Amino acid sequence: MLNAIWNQIRGSVRIRMEGGRPEKILNLCAAENLSFWDAQWLDDEIFTCRMSRRDWKYLKRLLEAGQDRNLNLNLNLNPDLKLNLDLNLNSKDYPRMENPDGLPYWIARIRRRHALFISLVIGLTALFLGSFFIWDFQIIGNETVPAEKILRALEKQGVSIGTFGLALDGEDIRNHVLLDVPELQWIAVNVSGCRANVRVVERVNPPEIWDRKTPSNIIARRDGLILEVHALDGVPEVQPGMSVTSGQLLISGAENLETTGKTRMMAGDGSVKARTWYVFNASIPLNVTKKQPSGREEHTYSLILGKYKIKIWGNSSISGRECDKIIKYTRWTPFDISLPVIFVRENHIFYDKIPDVLSVQEAQKRGEWILKEYLRAQVAPYGEIRSALCTSKRRGDILDITLSAECIEEIGVSAPVL
């Protein structure tokens, strides 16, 4: 593999020798330590092999010198052995070059095409100079802070697409970005080639300190049947087995002292678990419309250069609204270098809306899924769902679905003493 790459860089040629005496050329190559490979006989009188461009030029000079002087060359292989080669070859025996391959021959071919050669030089120069600028961002470490917010804060400090990477002051950027994004505790911008690797550490907020000086009560967030009452501070006003309504006092922050006849105010704190019930309703129409592909598709192509978008082909304002748009972004990364060149392909698939009728089972399944997801969103922060039952009733072209659920959840919330 390495030899093949090296041969492509230095260039190689295939030489063709016809006649019955190719050993003259092979002996000369051995005497001058000229390497050749891929040797093969095409028939009884035709022999081919491949050798490097440099060795081929040297071999040509030796052969031309021998032909011009019409003499024999004495070549020293080692101090104890001498080889006499008769280089008086006829035109049929003289080797010919075939299939030149490699980088030097490729450069020689495009050098004659001035426009192509100049474009190649300009492109390589632009690629080299562009490697010193930032064309891509990679943000690592953010979980709750959106990447867009971090990028906007960096852009405010002059770090955006096209910024000269060697001129960045990491400490100055860190100090200003942390002021603009207080949710971050640490940030570092490391430039690797054309990519800026932004590593962040989000700030861990301290737990909320419970205010024990302000008098407060614990009241019911919703109706329910009390199961457990744990008063950490304050006086319980309800017992397990009691039914309560929304807003009812559960744990009081005011305690009457019988010994002194005074009232002591406290910050009520505790946990109150209760059994709660939910009833949700949904109406699912049976007559609906569905999308059917019409077979018509339109494509638009554009190019994004940095912050600018250039339309290449297609109509950017597609007529009609009944279509699905699929956008594919392809970034140009030659030699694993991320450049600000993005090819955008938009595929518009048109469809027709046709009437359709849902079966009762399918409509009920769809309605149950909607109601259960809504119930889960309501109960999840406070407790768990113990049981859920769905019933349905058809009303003309509409299916009415009712969800009844029983849950166990925390119903106590803090409220100031009035």
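Everything discussed here concerns the structure shown above.
Residues numbered from 1 in each chain as written. Predicted model: local features only at pLDDT ≥ 70, side-chain atom pairs only at ≥ 80, totals over all residues. Heavy atoms only, no water.

(A) Structural view of the overall build of the chain. Helices and strands together make up the secondary structure of the chain, namely eight helices and 24 strands. Considering only contacts within the chain whose residues lie at least 6 apart along the sequence, 65% involve residues at least 24 apart. Split by element, the accessible area of the chain, about 27,200 Å² in all, is 53% carbon and sulfur. (Helix = DSSP H or I, 4+ residues; strand = E, 2+ residues; numbered from the N terminus. Contact = heavy atoms within 4.5 Å. Areas by Shrake-Rupley, 256 points an atom, 1.4 Å probe, with all protein chains shown as cover.)

(B) Examining the sheet that holds strand S23 (residues 398-410) more closely. Across the sheet, which stays open at both edges, the five strands sit in the order S13-S11-S17-S23-S22 with antiparallel pairing between neighbours. Sheet topology places strand S13 (243-244) and strand S22 (383-395) at the edges, where each strand pairs with a single neighbour. Bridge count for strand S11 (residues 224-233) against S13 is two bridges, and the pairing is antiparallel. In the strand pairing of S13, glycine 224 is matched with valine 244. (Pairing = 2+ DSSP bridges.)

(C) Quick peek at helix H2 (residues 23-31). When we look at burial in H2, the residues that qualify are Lys24, Ile25, Leu28, Cys29 and Ala31. In a view along the axis of H2, the buried residues occupy a sector of 165 degrees, so they form one face of it. Looking one or two residues beyond H2, the residue adopting positive phi is asparagine 33, at roughly 60 degrees. (Buried < 20%, exposed > 50% of the residue type's maximum accessible area, 1.4 Å probe, protein only. Arc of directions from axis to C-beta.)

(D) Region of interest: helix H6 (residues 147-156). When H6 is considered as a whole, its buried residues turn out to be Ile150, Ala153 and Leu154. All buried residues of H6 fall inside an arc of 100 degrees around its axis, so they share one side. Turned more than 90 degrees away from the buried face of H6, the exposed residues are Glu148, Arg152 and Lys156. Looking at the packing, one finds that the buried side of H6 touches strand S7 (136-140), helix H7 (170-180), strand S8 (184-192) and strand S9 (195-202). Just beyond H6, the residue with positive phi is glycine 158, at close to 90 degrees.

(E) Layout of the sheet that holds strand S18 (residues 287-305). Here we have four strands laid out as an open sheet, ordered S19-S18-S21-S20, and antiparallel in their pairing. Each edge of the open sheet is held by one strand with a lone partner, namely strand S19 (308-313) and strand S20 (323-331). The mean angle between the axes of side-by-side strands here comes to 35 degrees, regardless of whether they run parallel or antiparallel. Relative to S19, S18 runs antiparallel, the two being bridged by five bridges. What sits directly across from leucine 305, in S19, is tyrosine 308. (Axes fitted to C-alpha atoms, helices over the stretch in contact; angles between N-to-C directions.)

(F) Region of interest: the packing of H6 against H7. Their axes nearest at 9 Å, the elements H6 and H7 cross at an angle of 130 degrees. With respect to their mutual orientation, H6 and H7 come out oblique. Handedness of the crossing formed by H6 with H7: right-handed. Contact residues: H6 offers Ala153, Leu154 and Lys156, while H7 offers Ile173, Val177 and Asp180. Here the contact of H6 with H7 is built from residues that sort into four nonpolar, no polar and two charged. (Parallel < 35°, antiparallel > 145°, perpendicular 65-115°, else oblique. Left-handed = near helix turned anticlockwise from the far one by under 90°. Nonpolar A, V, L, I, M, F, W, Y, C, P; charged D, E, K, R; others polar.)

(G) Fine view of the packing of aromatic side chains. In this structure the tally under the stated criterion is six aromatic pairs. Measuring from centroid to centroid gives 6.1 Å for phenylalanine 133 and tryptophan 135, while their planes differ by 40 degrees, and the two rings are tilted. Take tryptophan 135: its relative accessible area is 17%, and that puts it in the buried class. When the ring of tyrosine 301 is compared with that of phenylalanine 343, the centres are 5.8 Å apart and the planes differ by 25 degrees; the resulting orientation is stacked. Here tyrosine 301 is found in strand S18, whereas its partner phenylalanine 343 is found in strand S21 (residues 341-357), with 42 residues between them in sequence. Here phenylalanine 343 falls in the partly exposed class, since its relative accessible area comes to 34%. The lysine or arginine in question, lysine 291, covers the ring of tyrosine 351, its NZ or CZ lying 4.8 Å from the ring centre. (Phe/Tyr/Trp six-rings, centres within 6.5 Å; stacked < 30°, edge-to-face > 60°. Lys NZ or Arg CZ within 6 Å of the ring centre and 35° of its normal.)

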